[in-house]
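Architecture and fold: a report
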Amino acid sequence: MNIVVCVKYVPDAQSDRSFNEADNTTDREGVEGLLSELDEYAVEEALKIAEAGEGEVTVVTVGPEQAVNAVKKALQMGAHKAVHVSDEAIHGSDAAATSLILAEAVKKAAGDGTPDLVITGMSSTDGVMGVVPAMLAERLGLPQVTYASELTLHGDKVSIRRDGDAASETIESTLPALVSVTDQINEPRYPSFKGIMAAKKKPVETWSLADLGVDAGRVGLDAAWTKVTSFAKRPPREQGQLVTDEGDGGTKLAEFLSAQKFL
Amino acid sequence: MPVTRLMPTSDGDDLIALTREICSKELRPRVDDAERAAAEGESFPTEVFRTLGQAGLLSLPHPEEFGGGGQPYEVYLQVVEEIASAWMSVAVGVSVHSLTAYPVTTFGTDEQRAALLPGMLSGDQLGAYCLSEPLAGSDVGSMTTRANRDGDGTAYAIKGRKAWISHAGHADYYTTFARTSDDAGRGISCFIVPAGSDAMTFGAPEKKMGLHCDTVREVIFDGVPVDGANRIGDEGQGMAIALSALDAGRLGIASAATGLAQSALDVAAAYAKERQQFGRAIASNQGLAFLVADMEAAVSGARAAYLYAARLKDAGRPFSKEAAVAKLLATDAAMKVTTDAIQVLGGAGYTADFPVERMFREAKVTQIFEGTNQIQRLVISRHVLR
Ligand SMILES: Cc1cc2nc3c(=O)[nH]c(=O)nc-3n(C[C@H](O)[C@H](O)[C@H](O)COP(=O)(O)OP(=O)(O)OC[C@H]3O[C@@H](n4cnc5c(N)ncnc54)[C@H](O)[C@@H]3O)c2cc1C
């Protein structure tokens, strides 16, 4: 089984995230970045499949220079090899362009064919659009089974469970297929120290747009279908109303709640 | 703010990053509840040790060929410090566990290393270190637990009572010191005793003032059989093994105490910048700011002391005096810094709503175990005045 996992390098949600003043894109310079936590579930699921039988896990990321850290983390967890697509022209790409680049990278990583399984997280923790998996499946011509909370392989089929508000669906697809997974599907492992050491010897390929045969004019900020025209920091929360209890605290609380239409 | 660390290798940097990730995701969210639960009844962080074991953090200073991390003490101890800044009981557990394998790595034969270490260092097992007895604490040489040769003379049966044993009842094996002759100092031998014998029973967990997740109780040996192949070193070499192991173990406690002090300082510094009195942050009073400065100096001094001893050890040089100095300085620093952290927080610091009162209780024991600080002074003065 040949599995490709697509992962993203995102700004650490714990840090103070912002936009780039110059072009209103996500600021990836001023903050610490890491492998998107939602993608750890995708890596873990791929590793479990590979460990249960035979298989090779390739991780692919598209992003600036530091984005190589996302695939390195996946290699430390146990993935076998990695691809980092990096090119100045990619800066500012929207989801459609990202899926175009990813599709070409996935095909090339699979030796100019299609892998048996492509796994992604359900969305990134920075953009949170959640559309790249579907777009990527479309570009690869693969069936897409998204938001999997459970994944089972039998023969040349994959079946997943998708939990909705009202019902849980079981969906089956033939392989090859693309599956996006939720944070309910497994408990991602930490890299082990030995894994970290081993990862230093694992291959990481760096590809440019030219390597993938993608026309630079189709990606990047200028080709994006939508643009952020301005941004403003959310104003700091104002202090709430303080009520000193002079025996009538209960009444004042009720008055406040009813004024806010909670009562 | 994370401590600035100058690691000797990039592997060391990676290890610190891994440790910090596990601390923030697995240890810090659990420590308060777990310590409270363990104070009320028995509770042991088995899962946390498993996570650390799988990540390879339970056997860092031991040889790679038997499953260890092959790391110098300079790196291993900084990992212990990071763990202690998140959860002291767990850091002490990591240090004690490392100590339990030390006799085998350092004094075992090739056969014993090959037979015992892969299990001990696998990360799945936890060890206990049985040295102290109810009547033999600082005075190790007065121990009475005996290992008598059994049957045809190839095996032993251990009989006696060990006190204050960390991990007792949870450990997979017990590194045990017992008397094989009446000679006070030269009559002691070292054994690796697997858990599971019916002849080994445990006392009730001690009700301690802190460090609750380090379960401590008596281990009662009532003729526990041990294979002759599990005796480490010669008969009578036990005291030398125990003392050598303690030199290394003391550095574990010194680094853990440093981490504990660092986290108390972090809480205090953050609070001092937030808390307003007289219309300004309390940190803007020099009288308080200088208290914080002294805390920082104490923590930095403790770190420098244990790292210096570690570098000597890693270079194969004598480090016994320096280890005792580090243990003394770091644990006294932990006591002082946690006390002052409560002072910085005022009344809030004295409540269980903030972690500094717990850290203060945890700091106290570091001045007592792995040789009390009086014993450290004994070791230091003997070196200096020899
Ligand atoms: C939480 C905890 C965990 C522990 N874990 C372990 C463990 O895993 N394995 C293990 O073997 N032991 C363990 N111990 C035991 C610990 O190492 C002993 O408590 C310690 O060595 C001191 O022994 P003691 O308590 O008998 O005190 P004592 O030796 O009775 O000392 C009492 C006081 O007398 C002082 N004193 C004694 N002799 C001298 C002297 N010559 N000069 C000056 N002052 C002196 C001491 O410094 C101390 O202040 C643990 C203890 C605790 C509290």
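Residues numbered from 1 in each chain as written. Chains lettered and ligands numbered in written order. Predicted model: local features only at pLDDT ≥ 70, side-chain atom pairs only at ≥ 80, totals over all residues.

1. With respect to the UniProt feature "domain: Electron transfer flavoprotein alpha/beta-subunit N-terminal" (unreviewed entry) in chain A
Per the UniProt record, "domain: Electron transfer flavoprotein alpha/beta-subunit N-terminal" (unreviewed entry) is found at residues 23-216 of chain A. Its end C-alpha atoms 18 Å apart, residues 23-216 of chain A is made of 31% helix and 27% strand. (UniProt positions renumbered as here; feature names shortened; annotations may be inferred. Helix = DSSP H or I, 4+ residues; strand = E, 2+ residues; numbered from the N terminus.)

2. Considerations on the pairing of strand 5 (residues 81-85) of chain A
Residues and elements named next belong to chain A. Most of strand 5 sits inside the fold, with four of its five residues counted as buried. Taken together, the five bridges between strand 4 (residues 56-62) and strand 5 define a ladder with parallel strand orientation. Directly across from T61, in strand 5, lies its bridge partner H84. What joins strand 4 to strand 5 is helix 2 (residues 68-77), and the crossover it makes is right-handed. (Buried ≥ 20, exposed ≤ 12 C-beta atoms within 10 Å, placed from the backbone. Pairing = 2+ DSSP bridges. Right-handed = clockwise from strand over helix to strand, strands pointing away.)

3. A short note on the sheet that holds strand 9 (residues 157-163) of chain A
All names here are of chain A. The strand order across the open sheet built from three strands is 8-9-10, with neighbouring strands paired in antiparallel fashion. Two strands close off the open sheet at either side, each with one partner strand: strand 8 (150-154) and strand 10 (168-174). Strand-to-strand twist of the sheet, defined as the mean angle between neighbouring strand axes without regard to direction, takes the value 20°. One ladder, built from five bridges, connects strand 8 with strand 9; its direction is antiparallel. Across the sheet, the residue bridging to L151 is I160, located in strand 9. (Axes fitted to C-alpha atoms, helices over the stretch in contact; angles between N-to-C directions.)

4. Comments concerning the UniProt feature "domain: Acyl-CoA dehydrogenase/oxidase C-terminal" (unreviewed entry) in chain B
Sequence positions flagged by UniProt for "domain: Acyl-CoA dehydrogenase/oxidase C-terminal" (unreviewed entry) are, in local numbering, residues 236-385 of chain B. Strand forms 3% of residues 236-385 of chain B and helix 77%; the C-alpha atoms that close the span are 28 Å apart.

5. Regarding the UniProt feature "domain: Acyl-CoA dehydrogenase/oxidase N-terminal" (unreviewed entry) in chain B
UniProt's entry tags residues 14-124 of chain B with the feature "domain: Acyl-CoA dehydrogenase/oxidase N-terminal" (unreviewed entry), counted in the numbering of this structure. For the annotated span residues 14-124 of chain B, helix accounts for 73% and strand for 0% of the residues, and the straight-line distance between the end C-alpha atoms is 22 Å.

6. Regarding the environment of E88 of chain A
Residues and elements named next belong to chain A. By secondary structure assignment, the location of E88 is in the loop between strand 5 and helix 3 (95-109). Accessibility expressed as a C-beta count within 10 Å gives 10 for E88, which makes it exposed. The sequence separation of E88 and L209 amounts to 121 residues, and the corresponding C-alpha distance is 9.2 Å.

7. Let's talk about the interface of chain B and chain A
The parts lose accessible area when they come together, and the size of an interface is often stated as this lost area. Each partner contributes to the interface: chain B provides 12 residues, whereas chain A provides seven residues. Counting only elements with at least two residues in the side of chain B that touches chain A, the list comes to helix 1 (10-40) and helix 2 (46-54) of chain B. Considering each element in turn, the side of chain B that touches chain A owes the most residues, six residues, to helix 1 of chain B. Here the side of chain B that touches chain A is composed, by residue class, of five nonpolar, four polar and three charged. (Contact = placed C-beta atoms within 7 Å. Nonpolar A, V, L, I, M, F, W, Y, C, P; charged D, E, K, R; others polar.)

8. A word on the sheet that holds strand 4 of chain A
All names here are of chain A. Reading across from one edge, 7-11-6-1-4-5-12 is the order of the seven strands in this open sheet, with parallel pairing throughout. One side of each edge strand has no neighbouring strand; the edge strands of this open sheet are strand 7 (144-148) and strand 12 (204-207). On average, each strand axis in the sheet is tilted by 20° relative to the strand beside it, whichever way the strands run. Where strand 1 (residues 2-6) meets strand 6 (residues 117-121), four bridges bridge the pair, whose relative direction is parallel. Along strand 6, the bridge assignment pairs V4 with V118. Seen against the sheet, helix 2 touches strand 1, strand 4, strand 5 and strand 12 and runs at an angle of roughly 170° to strand 5.

9. Details of the packing of helix 6 (residues 238-274) of chain B against helix 7 (residues 286-314) of chain B
Residue and element names in this part refer to chain B. The contact between helix 6 and helix 7 brings their axes to 9 Å, and the two run at 160°. With respect to helix 7, the element helix 6 is oriented roughly antiparallel. Of the two possible hands of crossing, helix 6 and helix 7 adopt the one that is left-handed. Contact residues: L251, A254, S255, A257, T258, A261, Q262, L265, A268, A269 and A272 in helix 6; L288, V292, M295, E296, A298, V299, A302, R303, A305, Y306, A309 and A310 in helix 7. (Parallel < 35°, antiparallel > 145°, perpendicular 65-115°, else oblique. Left-handed = near helix turned anticlockwise from the far one by under 90°.)

10. A short note on the domain arrangement of chain B
Residues and elements named next belong to chain B. The assigned domain composition of chain B is domain 1 (10-120), domain 2 (127-237) and domain 3 (240-384). Placing the centre of domain 1 and that of domain 2 at their C-alpha centroids yields a distance of 22 Å. Tallying the contact residues gives 26 residues for domain 1 and 19 residues for domain 2. Of all elements in the fold, only helix 1, helix 4 (88-107) and helix 5 (110-120) reach the threshold of two or more residues within the side of domain 1 that touches domain 2. Here the side of domain 1 that touches domain 2 takes 13 residues from helix 4, the largest share from any one element. Here the side of domain 1 that touches domain 2 is composed, by residue class, of 16 nonpolar, eight polar and two charged. (Domains from an automatic or database assignment.)

11. Some details on helix 4 of chain B
All names here are of chain B. Helix length check: helix 4 (20 residues) gives 29 Å between terminal C-alpha atoms against 28 Å at 1.5 Å per residue, within 8%. By the largest-angle criterion, A101 marks the main kink of helix 4, which is about 35°, and a proline, P103, follows within four residues. In terms of burial, helix 4 is a largely internal element, 18 of the 20 residues being buried. (Expected span 1.5 Å × (residues − 1). Bend = angle between axes of the 7 residues up to and from the residue.)

12. Some thoughts on the packing of helix 3 (residues 73-86) of chain B against helix 4 of chain B
Residue and element names in this part refer to chain B. Viewed as axis vectors pointing N to C, helix 3 and helix 4 meet at an angle of 150°, and their least axial separation amounts to 6 Å. Classified by the angle between their axes, helix 3 and helix 4 sit roughly antiparallel to one another. Residues V80, I83 and A84 of helix 3 form the contact with helix 4, whose own contacting residues are M88, V90, A91, V94 and S95. Among the residues forming the contact of helix 3 with helix 4, the class breakdown is seven nonpolar, one polar and no charged.

13. Points about unusual backbone geometry
All names here are of chain A. P176 follows L175 through a cis peptide bond whose omega is -5°. Structurally, P176 can be placed in the loop between strand 10 and strand 11 (177-181). With a phi close to 55°, Y147 is a non-glycine residue in the positive phi region. Tracing the backbone through its elements, the reader meets Y147 in strand 7. Even without being a glycine, K261 presents a positive backbone phi close to 65°. Note on placement: K261 falls in the segment after helix 7 (249-259).

14. Considerations on the site of the ligand
Residue and element names in this part refer to chain B. Taken together, 23 residues lie around the ligand, and L131, G137, S138, T372 and Q374 are the ones closest in. Looking at the shell around the ligand, the elements that each hand over two or more residues are strand 1 (127-130), strand 3 (155-166) and helix 10 (373-384). Across the shell around the ligand, the residue classes break down as 13 nonpolar, seven polar and three charged. There are two domains that each give the shell around the ligand at least three residues, and those are domain 2 (127-237) and domain 3 (240-384). (Near = placed C-beta within 6 Å.)

15. Quick notes on the environment of G67 of chain B
Residue and element names in this part refer to chain B. In this fold, G67 is placed in the loop between helix 2 and helix 3. Sequence separation between G67 and L117 is 50 residues; the distance between their C-alpha atoms is 7.5 Å. In this view, G67 contacts S59, L117, P118, L121 and S122; residues no more than four positions away in its chain are not counted.

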